[in-house]
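So you can see what is in the structure, the chains are spelled out below.
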Amino acid sequence: QAIASMSDYFVGFWTHQEEMRNYYSSNSSSSDNNVTSSDDLSKENDLYEEETLLGSNLLVYIGGVLIIALFVIAIIRSIFFYTITIGASKSLHKMAFTGIVSTSMRFFDLNPSGRILNRFSKDLGAVDEWLAKCLLDACQVILMGIGSIVITAVINPLFLIPILILFGVFYVLRKYFKKKKKT
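Here's a quick rundown of the structure. Just so it is clear, the model here is predicted, and its values are computed rather than measured. (Residues numbered from 1 in each chain as written. Predicted model: local features only at pLDDT ≥ 70, side-chain atom pairs only at ≥ 80, totals over all residues. Heavy atoms only, no water.)

**A look at the layout of surface pockets**
By volume, the largest pocket amounts to about 330 Å³. Lining the largest pocket are 15 residues, with Gln1, Ala74, Arg77, Gln140 and Leu143 positioned closest to its centre. For the lining of the largest pocket, the secondary structure elements donating two or more residues are helix H1 (2-33), helix H3 (56-101) and helix H5 (113-155). The element best represented in the lining of the largest pocket is H3, accounting for 6 residues. Of the residues contributing to the lining of the largest pocket, the split by class is 12 nonpolar, 2 polar and 1 charged. Empty space within the second largest pocket amounts to approximately 160 Å³. Tyr82, Ile84, Thr85, Ile86, Ala88, Ser89, Leu92, Val127, Asp128, Leu131, Ala132 and Leu135 together form the lining of the second largest pocket. Of all elements in the fold, only H3 and H5 reach the threshold of two or more residues within the lining of the second largest pocket. Sorting elements by how many residues they give to the lining of the second largest pocket places H3 first, with 7 residues. (1 Å grid on protein atoms, 1.4 Å probe; cavity = no way out; pocket = protein on both sides within 12 Å on 5 of 7 lines; lining within 4 Å. Points joined across faces, edges and corners; volume = space filled by probe spheres on them. Helix = DSSP H or I, 4+ residues; strand = E, 2+ residues; numbered from the N terminus. Nonpolar A, V, L, I, M, F, W, Y, C, P; charged D, E, K, R; others polar.)

**Topic: the packing of aromatic side chains**
Evaluation of the coordinates by the stated rule reveals 4 aromatic pairs. Relative to Tyr82, the ring of Phe81 has its centre 5.9 Å away and its plane inclined at 80°; by these criteria the two rings are edge-to-face. Relative to Phe108, the ring of Phe107 lies with its centre 5.6 Å away and its plane at 75°, an arrangement referred to as edge-to-face. Taking relative accessible area as the criterion, Phe107 reaches 30% and is therefore assigned partly exposed. For Phe108, a relative accessible area of 32% puts it in the partly exposed group. One Lys or Arg, Lys133, reaches over the ring of Trp130 and ends 5.1 Å from the middle of that ring. (Phe/Tyr/Trp six-rings, centres within 6.5 Å; stacked < 30°, edge-to-face > 60°. Buried < 20%, exposed > 50% of the residue type's maximum accessible area, 1.4 Å probe, protein only. Lys NZ or Arg CZ within 6 Å of the ring centre and 35° of its normal.)

Rendered as structure tokens:
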């Protein structure tokens, strides 16, 4: 998520660099045509005097490296995550199988073996197919939300005030509805 947020921030930085490049090039051409007064130009140049511009090629290379890094890290994250969930699935399968095998004979007398096998395979199929996908999606959405809040705070810290107020409102609503659910 840090790489994704960094690439989002870099797009804004790159846009700002290109705007400044266009500003400097338009001012140099307009000063030749005497479109603006020299007092207006000196005031605006004082605002951007200290800013150094990176080359367009360098910006393209940095953006490309960030996108490639994001792609590679996303693949590594997915492989790592699914490797962990496969191990968890094996563990759950072993626990479920041990529970079925160690049950009493009365359970097998009351339930046909086809029903037991169907239920066992259905439950493990749900764990194998949906649990990993839903968990990955939930983690990704949570991290994207945190990344968006961090980027917003870096760009404009004043947006933290409404975000904190919203967190407070959501917390109060959560406590209210959680109490209602229990009663």
